[in-house]
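Tertiary structure, described
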Amino acid sequence: MRRPLRLLGPAVVSAGLIGLTACSTGTGPTSSPDTLRIAGPFEVHSLDPAVDGEVFTRLQVAETLVTSDIDGELAPALATDWSSSSDHTEWTFDLVEGATFHDGTPVTPDTVIGALETAAAQEASPLAETPIEALRAQGSSVVVELAAPYLTLPAVLTHYSTAVLAPGSYDDAGRVTSVIGSGPYEVERVQLPASIRTTRFDGWRDAPPAIRNVSFQSVGRAETRALMAASDQADVVFGLEPAGRQRIETTAGVGLESSLQPRTILLKVNAGHPALADVRVRRALSLALDREAMAGAVLREEGLAATQLLPPSLDSWQADLEPLRHDREAARALLAEAGWAPGADGMLHRDGEPLRLDLLTYPDRAELPALATAIQAALADVGVAVDVEVANSSEIPAAQADDSLELALIAKHFALVSDPLIDVAAVFDPDGADWGVMNWRDPAVETAVEALLAGAPEDAAVEHRRAIVGTAQSQLPLIPVAWYRMNAAVSESVEGFVLDPLETSWRITDLRWAS
Amino acid sequence: MSLRIRALGGVLARRGAQSVGVAVLVSVLCFLVVRRLPGDAAYRIAAGRYGYDLVDEKAADAVRAELGLDRPAWQQLGGWLGDLFRLDLGRSLVTSRPVVEEVGYYLLGTLQLAAVALAFATVLGGAAGVLAARRPGGPVDRLATAWVAGVRAVPPFLLGLVLVIVLSAQLGLLPAVGHDSASGIVLPALTLGIGLSGLVARVTRDAVVEVRQSDYVRFAHTKGLAERWVLLRHVVRNAAVVLVPYLGVQAVILVEGVVVVESLFAWQGLGHALVHAVFWRDVPVLQAAALALALLIVTLNTLVDVAGLWLDPRPRRQEARA
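Residues numbered from 1 in each chain as written. Chains lettered and ligands numbered in written order. Predicted model: local features only at pLDDT ≥ 70, side-chain atom pairs only at ≥ 80, totals over all residues. Heavy atoms only, no water.

**Comments concerning the overall build of chain A**
Applied cut-off: Comment: elements are numbered from the N terminus, with helices defined as DSSP H or I runs of at least four residues and strands as E runs of at least two. All radius of gyration figures rest on C-alpha atoms, and the globule criterion is 2.2 Å times the number of residues raised to 0.38. The buried label applies to any residue whose accessible area, calculated with a 1.4 Å probe on protein chains only, is under 20% of its type's maximum; exposed applies above 50%, and partly exposed to all values in between. Contacts: residue pairs with any heavy atoms within 4.5 Å of one another. Note that accessible areas follow from Shrake-Rupley with a 1.4 Å probe, and for residues the cover is restricted to the protein chains shown. A residue counts as positive if it is Lys or Arg and as negative if it is Asp or Glu; His and the chain ends are not included. Think of each charge as sitting on NZ of Lys, CZ of Arg, CG of Asp or CD of Glu.
Assigned secondary structure in chain A consists of 15 helices and 21 strands. Its C-alpha atoms give chain A a radius of gyration of 26 Å, near enough to 24 Å, the size a compact globule of 515 residues would have. Structurally, chain A occupies a C-alpha span of about 85 × 75 × 45 Å along its principal axes. Relative to its 515 residues, chain A shows a buried fraction of 54%. In chain A, the proportion of contacts linking residues at least 24 apart, taken out of those at least 6 apart, comes to 69%. Of the roughly 20,400 Å² that chain A leaves accessible, carbon and sulfur atoms contribute 51%. A distance of 11 Å separates the average location of the 36 positive side-chain charges in chain A from that of its 73 negative side-chain charges.

Here is the structure:
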């Protein structure tokens, strides 16, 4: 009898050790029942909205002057109304009455001007692109004077980098030390880079939201996030991968919400490359891709196969075009027409040179490397050799700058600010765009973009938009591959959840606990 | 006694000098290695700061100008070494936060995790090893061997997922992630601890078997000491002389190489910080993290030496002889 008892000793010690650490707080997996627990893949690297502030606008802590509603239309936030002079070089934003920051200080035109100046000084902010000459206060309004007409200024002001913080948020050197915003929730605790807790702001100028406390936790692994959603360790979980989605679909008490994002996964092509300068080669590359099979295998949804450049969620940019199709024989014929003939190894050659291309992509979105290898296989099938390199996302602008880029697989967001025109104009910049065309320009597209930026009337605008997407479809300076669906697992204990395709806000104020 | 104090003094003086040398060497090496990495650092830093949707040539140029990345290399290195002597580690190039604050936070997370994991490994592995050694070749020994092979063969990522599914998702005993509550540490520590416990069991078993066959243990038996006292006073103590340095090495591995487990459990540790710092070319964070690791290894080795001095009965015997 002695031996089994001795075996028990270490077992009891280990169990005790586990128990001791587990019980030391007594909280367990679920925290306060009145806390909405959000988990997502994004880490927070800075408190400064001008640098990395998206999470603070999504958590409704910080506000911008203008925001976008669920349909992507402009909506009032800190500004109730905005108007421009007839030549669109002077914009006036009327501030909402009675708005206060979480430290009790009022939101004044001067604090707004300070925030906008900070954002405009950050090269990465879309506001840095606007031709701002001066910012001044006028009564309870902010006036933006521009060097040139800029019709899309209100849309730019929906970007999180332009969020307004209280003067008390900054230290003497102008660095943000705490996030004191004016939204319905105030920050209770931030532990960069992974967790944020907020609570209802009592001085909120509108109706108090139903959810009292919110916690956000950054969880890097998609497997872990899916398990958290399935085991009620989080109420809202963003960024599920296909396997995780299947797990959620079979779990009781959790629902899956999804919406098409205004993002297209596309092949960026260096149109100055000796082989790729020929539109027939670009078309052949496009024809070689079996987009439906790729979308089905990698994204687990065949319907995400792209038929044109801009995704269907951007209705006004949808044109009645002949959809991109898969036709291997047609691809081979076009390549032969362009002078590329199969060599002894089965791969294509012209003047003794093989058709070999480098494809650069980045791992930040898990689908990209998988799609890149699928593209590699599809192109090998028509005799085009592709070397895939998975690198840091910044290698793409860097390779563009030194002109070494050949092909890049990117996931381009077409509504970083609420109006896609700004991104479309940037993508088709005739001088090349880091996340757009390279060594490609087209007079018809240039004219159309200019006319749209100058505020063409709606019936003409339709034609201009059609000209842009139509030219893109026939010239293929960017080869669309797939559209992008974002999803979230939402606990049934939460009601009123809507997934904002622009991710401007997580709309926590619209949520309530199920009775 | 004086012999022991002299030995201790020698250990500390040697390790002190070592740590200063290591600090300078590691800093210079980090700097040189990062400069030799492919790619333009300004682009990497901009990607880390603004995310992939917003990184472009203009943002990279602004970063380069702000941080003076086009200064000659010797100026940048000299500046950092100068700051190091003033004990100023600077600010992160990506987050702009003080490096001391940032690395300190990650280091604390790593140390907590390593300590709890080692405790699990020692208890589980040590107990299994001692039990197995009682009858080499017996059923317990064979069971322990199977355990050693089993836990070494399972990758930590899989083991971690299994633990999450069983203990967290199914039984609801423990949270899968979280740095906020103390219970969040159990699953990552258990994952690492179970993985380590196999080799700890192996080393303990061999050491115990060897010690049990020694003359002094046989003498202890001969003089009629009860089995329990022989085990505690002679066997465990002498086996610990072998085991402690081994645990020291494992602690170093735990501190450096647990990125996979950290990311699975969203645990904020130094492994995570190091990977990101390399990815983003965040030289000050990388230098400080590597420095912290290097000094930590020196400290661990010192602790192992001191513990060895304290545990090992042999110097005492020399003292007696003297």
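Back to the text.
**Digging into the packing of aromatic side chains**
Each aromatic ring pair is characterised by the separation of its centres together with the angle its planes make. All names here are of chain A. The following threshold applies: Any Phe, Tyr or Trp ring, taking Trp's six-membered ring, that has another such ring centre within 6.5 Å forms a pair; planes under 30 degrees apart are called stacked, those over 60 apart edge-to-face, and the others tilted. Cation placement over rings: the criterion is NZ of Lys or CZ of Arg within 6 Å of the ring centroid and within 35° of the ring normal.
According to the stated counting rule, one finds 10 aromatic pairs over all chains in the structure shown. By way of ring pairs, the aromatic residues Phe42, Phe216, Phe238, Phe497 and Trp506 are connected into one cluster. Sitting above the plane of the Trp317 ring, Arg465 keeps its charged end 5.9 Å from the centroid.

**A closer look at the interface of chain B and chain A**
Worth spelling out the cut-off: Throughout, the accessible surface (probe 1.4 Å) given up by two parts as they are put together, summed over both, is called the buried area. Should a side-chain nitrogen of Lys or Arg be within 4 Å of a carboxyl oxygen of Asp or Glu, the pair is scored as a salt bridge. The term polar contact refers here to a pair of N or O atoms within 3.5 Å; inside protein, the definition further demands a hydrogen-donor-capable atom paired with an acceptor-capable atom, and it admits residues adjacent in sequence only when both atoms are side-chain atoms. Following the grouping adopted for this structure description, the nonpolar residues are Ala, Val, Leu, Ile, Met, Phe, Trp, Tyr, Cys and Pro, the charged ones are Asp, Glu, Lys and Arg, and the polar ones are all others, Gly among them.
Chain B puts 59 residues into the contact, and the matching count from chain A is 60 residues. For the chain B and chain A pair, buried surface summed over both sides reaches about 5,100 Å², with 60% attributable to carbon and sulfur atoms. A salt bridge links A:Glu129 to B:Lys58; its shortest N-O distance comes to 3.1 Å. The interface formed by chain B and chain A holds eight residue pairs in polar contact (both at pLDDT 80 or more) in total. Elements that contribute at least two residues to the side of chain B that touches chain A include exactly α2 (41–50), α3 (57–67), α5 (99–134), α7 (156–170), α8 (186–212), α11 (259–264) and α12 (270–280) of chain B. In terms of residue count, α5(B) provides more of the side of chain B that touches chain A than any other element does, nine residues in total. Of the residues assigned to the side of chain B that touches chain A, the class counts are 34 nonpolar, 13 polar and 12 charged.

**A closer look at the pairing of strand β9 (residues 195–200) of chain A**
Residue and element names in this part refer to chain A. The line we're drawing: Only when DSSP finds a minimum of two bridges between them are two strands counted as paired.
For β9, the tally of buried residues reaches five of six residues, placing the bulk of the element in the interior. With six bridges connecting them, strand β8 (residues 185–191) and β9 associate as antiparallel partners. If you follow Val187 over to β9, its bridge partner there is Thr198. Hairpin connection of β8 to β9: three residues between the antiparallel strands.

**Re the side chain of A:Gln261**
Residues and elements named next belong to chain A. Position of Gln261 relative to the elements: it lies in strand β12 (residues 254–269). We classify Gln261 as buried; its relative accessible area is 1%. The contact partners of Gln261, leaving out residues within four places of it in the chain, are Pro311, Ser313, Arg365, His413, Tyr484, Arg485, Met486, Pro501 and Glu503.

**Let's talk about a nonpolar patch on the surface**
Spelled out, the test is: Excluding any residue in a salt bridge, patches collect residues exceeding 30% relative accessible area, merging like charges within 9 Å and nonpolar Val, Leu, Ile, Met, Phe, Trp and Tyr side chains within 5 Å.
Taken together, the side chains of B:Val154, B:Leu158, B:Val162, B:Val166, B:Leu171 and B:Leu173 make up a nonpolar region of the molecular surface, amounting to roughly 490 Å² of accessible area. If you trace the backbone, B:Leu173 turns up in the loop between α7 and α8.

**Quick notes on the domain arrangement of chain B**
All names here are of chain B. Where we set the bar: For the domains described, the bounds stem from an automatic or database domain assignment.
Partitioning chain B into structural domains gives domain 1 (2–85) and domain 2 (103–311). Computed over C-alpha atoms only, the centres of domain 1 and domain 2 are separated by 30 Å. Taken residue by residue, the interface counts 23 residues in domain 1 and 20 residues in domain 2. Buried surface at the junction of domain 1 and domain 2, summed over both partners, amounts to about 2,000 Å²; 72% is from carbon and sulfur atoms. Elements with a minimum of two residues in the side of domain 1 that touches domain 2: α1 (2–36), α2 and α4 (73–85). Take the side of domain 1 that touches domain 2: its biggest share by element is 15 residues, from α1. Tallied by class, residues from the side of domain 1 that touches domain 2 come to 16 nonpolar, four polar and three charged.

**Description of the environment of B:Ala65**
When you line up the elements, B:Ala65 lands in helix α3. C-alpha separation for the pair B:Ala65 and B:Thr222, spaced 157 residues apart in sequence, amounts to 79 Å.

**Focus on the confidence of the model for chain B**
All names here are of chain B. Using the following cut-off: You can read pLDDT as the predictor saying how much it trusts each residue, on a scale of 0 to 100.
In the predicted model, chain B carries a mean pLDDT of 81, and 94% of its residues have values of at least 70. Within chain B, α5 carries the highest mean pLDDT (88), whereas helix α14 (residues 314–321) carries the lowest (61). Scored as a whole, the predicted complex attains pTM 0.80, and scored at its interfaces, ipTM 0.74.

**Points about the sheet that holds strand β6 (residues 132–138) of chain A**
All names here are of chain A. Going by this rule: Only C-alpha atoms enter the line fits that serve as axes; for helices the fit covers just the stretch in contact. Angles between N-to-C directions range over 0 to 180 degrees.
The four strands lie next to each other as β4-β5-β7-β6, forming an open sheet whose pairing is antiparallel. Looking at strand neighbours, the two that pair on one side only are β4 (79–84) and β6, the edges of this open sheet. The average angle at which neighbouring strand axes cross in this sheet is 15 degrees, direction not considered. Here β4 pairs with strand β5 (residues 90–95) via five bridges, running antiparallel. Across the sheet, the residue bridging to Trp82 is Phe93, located in β5. Lying over the sheet, helix α4 (residues 109–120) contacts β5, β6 and β7 (141–146), oriented at roughly 165 degrees with respect to β6.

**Quick look at the nonpolar core**
Basically, it comes down to this: Remark: nonpolar core denotes a set of buried residues (Ala, Val, Leu, Ile, Met, Phe, Trp, Tyr, Cys) joined through side-chain atoms within 4.5 Å.
Counting 96 residues, the largest nonpolar core has A:Val384, A:Leu409 and A:Phe428 as its most contacted members. Dropping the residues within four chain positions of it, A:Phe428 is found in contact with A:Leu309, A:Val437, A:Trp440, A:Val445, A:Ile468, A:Ala472 and A:Pro477. Listed in part, the 84 residues of the second largest apolar core include A:Ala234, B:Leu89, B:Val177 and B:Leu264.

**Quick word on the domain arrangement of chain A**
Residue and element names in this part refer to chain A. Structurally, chain A comprises domain 1 (1–59 + 183–252), domain 2 (62–180) and domain 3 (260–485). Between the C-alpha centres of domain 1 and domain 3 there is a distance of 39 Å. The contact between domain 1 and domain 3 buries some 280 Å² in all, and 42% of this surface belongs to carbon and sulfur atoms. Area buried by domain 1 at its contact with domain 3 is led by Glu241, Pro242 and Arg245, which between them contribute 81% of it. Applying the counting criterion to the domain 1 and domain 3 interface returns zero salt bridges.

**Some words on the pattern of salt bridges**
Scanning the model with the defined rule gives 34 salt bridges over all chains in all. Its salt-bridge partner being A:Glu90, residue A:Arg136 comes within 3.6 Å of it at the nearest N-O pair. Placement of A:Arg136 in strand β6 and of A:Glu90 in strand β5 is noted, with a sequence separation of 46 residues between them. A relative accessible area of 28% means that A:Glu90 is categorised as partly exposed. A salt bridge links B:Asp206 to B:Arg202, with the shortest nitrogen-to-oxygen separation between them at 3.8 Å. Taken together, the residues B:Asp206 and B:Arg202, both in helix α8 and four residues apart, mark about one turn of the helix. With a relative accessible area of 36%, B:Asp206 lands in the partly exposed category.

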